[in-house]
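A structural walkthrough
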Amino acid sequence: MLIERMMLLKRAVYTSDESKNSRFLILCFVEIIGIAIGSYLAVHYESNEFLRKYFCAELYGGKALEIFGSSVLILTIFLGTAFFLGLFALGQPLGIVLLMCMGGKLGCSIALLYSEKGINAVPAVLLLYLPRTVAVSVVALLATREVFRNSSYLLRSMLGTADPPNLKSFCIRFLVLFAAALIISAFESLLNYFFGGFVL
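Summary of the structure given here. Quick caveat, the model's predicted, so the values are computed rather than measured.

Within the protein, the secondary structure is distributed over six helices and zero strands. Taken from N to C terminus, the helices and strands of the protein fall in the order α-α-α-α-α-α. Buried residues in the protein amount to 37% of all 200 residues. The long-range share in the protein, meaning contacts at least 24 apart out of those at least 6 apart in sequence, stands at 81%. Entry remark: accessible area of the protein is about 11,800 Å², with carbon and sulfur atoms responsible for 72%.

Right under this line is the structure:
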């Protein structure tokens, strides 16, 4: 009897891990779609001043402090919106849209650079954009995963099939993500300050 219970528990844990991995892969795919859409928009609307100023400030005369401020602003808006969506039982669909928008921003930045510099953009992409893109993508994916997790718990608790989510834990996770966003923004501005003049 004990062995059967252990087998059932092991199977349940395996199924849960498999479900989490599948969900994370889906979120990655959503962000890739957003990157593709952002790249398309940048190529077709490269002269748009809004895109130039907020999505690729370093290329168009933005100073280190301006780049830091722009990066913090965008990430704060993203994380604040994600946090808000996570407080609703049906926040998951909008979480998908939000992640796609962040992917669009990342794709737009790189595409604008290639559109302006051509093949000469490769050093800047590898040194300045790739580290930032990877770091921001991780933060965005983790934030969206938290939206899914908390919204799912809220929905199931409303249906009476689960306990309410741990709101304190949810808040702590987002504080950690916000701290990571500040570090990413600072690192990005420092990279541009020290190396931007050589590769842009």
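We are not done yet, so read on.
So, about the packing of helix 3 (residues 64–86) against helix 5 (residues 122–158). Packed helices, taken two at a time, are described by their axes: the angle between them and the distance between them. Two elements in contact, helix 3 and helix 5, have axes whose closest approach is 8 Å; the angle formed by their N-to-C orientations is 15 degrees. With respect to helix 5, the axis of helix 3 lies roughly parallel. Here the hand of the crossing between helix 3 and helix 5 comes out right-handed. Contact residues: helix 3 offers L75, F78, L79, A82, L85 and G86, while helix 5 offers V136, V139, A140, A143, T144, V147, N150, S151 and L154. The residue makeup of the contact of helix 3 with helix 5, split by class, is eleven nonpolar, four polar and no charged.

Further remarks concern helix 4 (residues 92–117). Over its 26 residues, helix 4 runs 38 Å from end to end, which matches the ideal 38 Å to within 8%, given 1.5 Å per residue. One or two residues past the end of helix 4 sits G118, with phi positive at roughly 70 degrees.

A cluster of nonpolar side chains, F29, I33, I37, Y40, L41 and Y45, forms an exposed patch at the surface whose accessible area comes to about 600 Å². Mapped onto the secondary structure, F29 falls in helix 1 (residues 2–44).

Bringing the nonpolar core into the picture now. The biggest cluster of nonpolar side chains holds 24 residues, and the ones touching the most others in it are F78, L79, M102, A143 and F174. A per-element tally of this core places helix 5 first, with seven residues. Residue contacts for M102: discarding those within four places in its chain leaves I74, L75, F78, V136 and A140. Ranked by size, the runner-up nonpolar core spans seven residues in total, among them L113, L128, Y129 and L191.

Rules behind the numbers
- Residues numbered from 1 in each chain as written.
- Predicted model: local features only at pLDDT ≥ 70, side-chain atom pairs only at ≥ 80, totals over all residues.
- Heavy atoms only, no water.
- Helix = DSSP H or I, 4+ residues; strand = E, 2+ residues; numbered from the N terminus.
- Buried < 20%, exposed > 50% of the residue type's maximum accessible area, 1.4 Å probe, protein only.
- Contact = heavy atoms within 4.5 Å.
- Areas by Shrake-Rupley, 256 points an atom, 1.4 Å probe, with all protein chains shown as cover.
- Axes fitted to C-alpha atoms, helices over the stretch in contact; angles between N-to-C directions.
- Parallel < 35°, antiparallel > 145°, perpendicular 65-115°, else oblique.
- Left-handed = near helix turned anticlockwise from the far one by under 90°.
- Nonpolar A, V, L, I, M, F, W, Y, C, P; charged D, E, K, R; others polar.
- Expected span 1.5 Å × (residues − 1).
- Patch = residues over 30% accessible without salt bridge, like charges linked within 9 Å, V, L, I, M, F, W, Y side chains within 5 Å.
- Salt bridge = Lys/Arg side-chain N within 4 Å of Asp/Glu carboxyl O.
- Core = buried A, V, L, I, M, F, W, Y, C linked by side-chain atoms within 4.5 Å.

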